[in-house]
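In case you want the letters, here they are:
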Amino acid sequence: MDKILITGGAGFIGSTLANQLCLTNELVIVDDLSMGSKSNLPQTDTITFIEGCVTDKVLMTQVLSENNFDYIYHLAAVASVADSVERPLETHEINFDSVFSLLELTKKYQSGLKRLIFASSAAVYGDEPTLPKAEESVIKPLTPYAIDKFAAEKYVLAYSNLYNVPTSAVRFFNVYGPKQNPNSPYSGVISIILDRLKRKQAGEDCSFTMFGSGKQSRDFVYIEDVLLALRLVATSKESLGEVYNVATGVETTLNELVEILSELLAIELPIDYQESREGDIEHSLADIHKIKGLGFNPEYSVKAGLTDCIKRGF
Ligand code: NAD
Ligand code: UD2
């Protein structure tokens, strides 16, 4: 049984990870519930939930000095790019400063740690059009969110090389699955489409707003494949001090998404076409050779992932 810290553990990715890990491990979760919810977590003796902010140095010092962790997953962040553009200073404290402090506290108190995993983002690649994106592709972070993720990622990996703090970073592409919060306009597009379909199914008169032609594409990766990727990165020796794309290597357009979902649910979803969002990237696709080298092989096509989502009540 390992002892594991998950920051942001009440959110979409963190809570799904927690639900899996709590079956065989002891977890400490720190989350301020700004986006996440306690209802995402099971009530079990193996989870200690702390409602608090990762920028709270007193709290984080207490958590890191009073526990001996085997693994740390730092997932807490303001995950909305738009929010980071509106509030660059506040989001910088959460998306960058908290990482730096966590690294320092880990160096000081966590001598037995097996791995710290930091959640970075495909946003670091920006709008440079060459595809697919490999880890060594041109980095062009364009927003406070992306700049903070890239800078934090660099520090995380440097702590491994400079101070022997065992770290790795992952660049998530477009992750989807049950428990993803659809309530912000900048929530993941799949969670928004599923929400509209659910409402339509319940008899509500609603539509999906498509920003642009629907021909834009993303590398959508299902949460179950993300958990697999995290497990491999956390436990492989060769991933020490390294960063990995977490994706499928397959792109799907928004039009294809709507078509697959309408077919799976046998519901016609009205589409309200609007202008593209400012700064929207047309296509995003990952090269996943590096993580495949750790044994990663994504199991879920978009259709399979969406089918599973629907089966689990979406
Ligand atoms: P999420 O918003 O569901 O989860 C983030 C969690 O962090 C939430 O529960 C939120 O309440 C918590 N949090 C936010 N600020 C906090 C603070 N100051 N102190 C403590 N807790 C705080 O997002 P997610 O999709 O689960 O993303 C997890 C991580 O993965 C984030 O770091 C995000 O930037 C990164 N990421 C996600 C995606 C994706 O497709 N979902 C893509 C790229 C990167
Ligand atoms: C994702 C990440 C973001 C950042 C970025 C890096 C999510 C939720 N966001 O943004 O954090 O890492 O990648 O490139 O994972 N759309 C609609 N209608 C809607 C909502 C979205 O048409 O109601 C479009 C949107 O304009 C875009 C596409 O759907 O073209 C995907 O949008 P998204 O917000 O799910 O993800 P993305 O790739 O913009």
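Residues numbered from 1 in each chain as written. Chains lettered and ligands numbered in written order. Predicted model: local features only at pLDDT ≥ 70, side-chain atom pairs only at ≥ 80, totals over all residues.

Participant: Which residues make up the overall build of the protein chain, and what are the values?
Facilitator: Broken down by element type, the protein chain carries 10 helices and 13 strands. The C-alpha atoms of the protein chain give 19 Å as radius of gyration, which agrees with the globular expectation for 314 residues (20 Å, within 12%). Seen through its C-alpha atoms, the protein chain measures out along the principal axes to roughly 55 × 45 × 40 Å. A burial count over the protein chain gives 44% of its 314 residues as buried. Restricting the contact set of the protein chain to residue pairs at least 6 apart, pairs at least 24 apart contribute 73%. (Helix = DSSP H or I, 4+ residues; strand = E, 2+ residues; numbered from the N terminus. Rg over C-alpha atoms; globule rule 2.2 N^0.38 Å. Buried ≥ 20, exposed ≤ 12 C-beta atoms within 10 Å, placed from the backbone. Contact = placed C-beta atoms within 7 Å.)

Participant: Please provide a residue-by-residue account of the site of ligand 1, values included.
Facilitator: Taken together, 29 residues surround ligand 1, and among them G8, G11, I13, G36 and A77 come closest. Among the secondary structure elements, those contributing two or more residues to the shell around ligand 1 are α1 (12–21), β2 (26–31), β5 (115–121) and β7 (174–176). The element best represented in the shell around ligand 1 is α1, accounting for 3 residues. Its residues placed into classes, the shell around ligand 1 shows 17 nonpolar, 10 polar and 2 charged. (Near = placed C-beta within 6 Å. Nonpolar A, V, L, I, M, F, W, Y, C, P; charged D, E, K, R; others polar.)

Participant: How would you sum up the nonpolar core? Please name residues and give values.
Facilitator: Counting 90 residues, the largest nonpolar core has I6, A18, L27, V170, I193, V226 and V246 as the members making the most contacts within it. Looking at which domains feed residues into this core, each of domain 1 (3–174 + 220–246) and domain 2 (178–219 + 250–286 + 299–311) gives three or more. With residues up to four places along the chain from it excluded, the contact list for I193 reads F208, L257, V258 and L261. (Core = buried A, V, L, I, M, F, W, Y, C linked by C-beta atoms within 7 Å. Domains from an automatic or database assignment.)

Participant: Can you lay out the site of ligand 2 for me, pointing to particular residues and giving the numbers?
Facilitator: Near ligand 2 there are 21 residues, and of these S121, A123, G188, V189 and F211 occur at the shortest range. Those elements that place two or more of their residues in the shell around ligand 2 are α6 (189–201) and β8 (208–211). A class-by-class count of the residues in the shell around ligand 2 yields 11 nonpolar, 7 polar and 3 charged. Composition of the shell around ligand 2 by domain shows at least three residues from each of domain 1 (3–174 + 220–246) and domain 2 (178–219 + 250–286 + 299–311).

Participant: Describe the domain arrangement of the protein chain, listing the residues and the values that go with them.
Facilitator: On domain assignment, one finds that the protein chain holds domain 1 (3–174 + 220–246) and domain 2 (178–219 + 250–286 + 299–311). Centre-to-centre, using C-alpha coordinates, domain 1 lies 26 Å away from domain 2. On the side of domain 2, 20 residues touch domain 1, which itself brings 22 residues to the contact. Listed by contribution, the elements that provide at least two residues to the side of domain 1 that touches domain 2 are α1, α3 (81–86), β10 (220–222) and α7 (223–235).

Participant: Got a sec to walk through the environment of C206? Specific residues and values, please.
Facilitator: Mapped onto the elements, C206 comes out in the loop between α6 and β8. Apart from the residues lying within four places of it in its own chain, the contact partners of C206 are R196, R199 and K200.

Participant: Explain the pairing of strand β1 (residues 3–7) residue by residue, including any values.
Facilitator: A large share of β1 lies buried, amounting to 4 of its 5 residues. Note: β1 against β2, 5 bridges, orientation parallel. In the sheet register, I6 faces β2, and the bridge partner there is I29. (Pairing = 2+ DSSP bridges.)

Participant: Explain helix α4 (residues 88–109) residue by residue, including any values.
Facilitator: Here α4 is 22 residues long and its end C-alpha atoms lie 30 Å apart, about the 32 Å a rise of 1.5 Å per residue gives. Taken as a whole, α4 carries its principal kink of about 35 degrees at D97. Every buried residue of α4 is accounted for by T91, I94, N95, F96, S98, V99, L102, L103 and T106. (Expected span 1.5 Å × (residues − 1). Bend = angle between axes of the 7 residues up to and from the residue.)

Participant: Break down the packing of helix α8 (residues 254–265) against helix α10 (residues 302–311) for me, with residues and values.
Facilitator: It is the contact of α8 with α10, at a shortest axis distance of 10 Å, that shows an interaxial angle of 45 degrees. Classified by the interaxial angle, the pair formed by α8 and α10 is oblique. Taken as a pair, α8 and α10 cross one another with a handedness that is right-handed. Here L257, I260, L261, L264 and L265 of α8 come into contact with α10, specifically with V302, K303, L306, T307 and I310. For the contact of α8 with α10, the per-class residue count stands at 8 nonpolar, 1 polar and 1 charged. (Axes fitted to C-alpha atoms, helices over the stretch in contact; angles between N-to-C directions. Parallel < 35°, antiparallel > 145°, perpendicular 65-115°, else oblique. Left-handed = near helix turned anticlockwise from the far one by under 90°.)

Participant: Pulling in residues and values, what's your account of helix α2 (residues 57–66)?
Facilitator: Among the residues of α2, those classed as buried are M60, V63 and L64. Down the axis, α2 shows its buried residues gathered within 90 degrees of arc, on one side only. Opposite the packed face of α2, turned more than 90 degrees from it, sit the exposed residues V58, S65 and E66. Tucked into the core, α2 has its buried residues touching β1, β2, β3 (47–51) and α4. (Arc of directions from axis to C-beta.)

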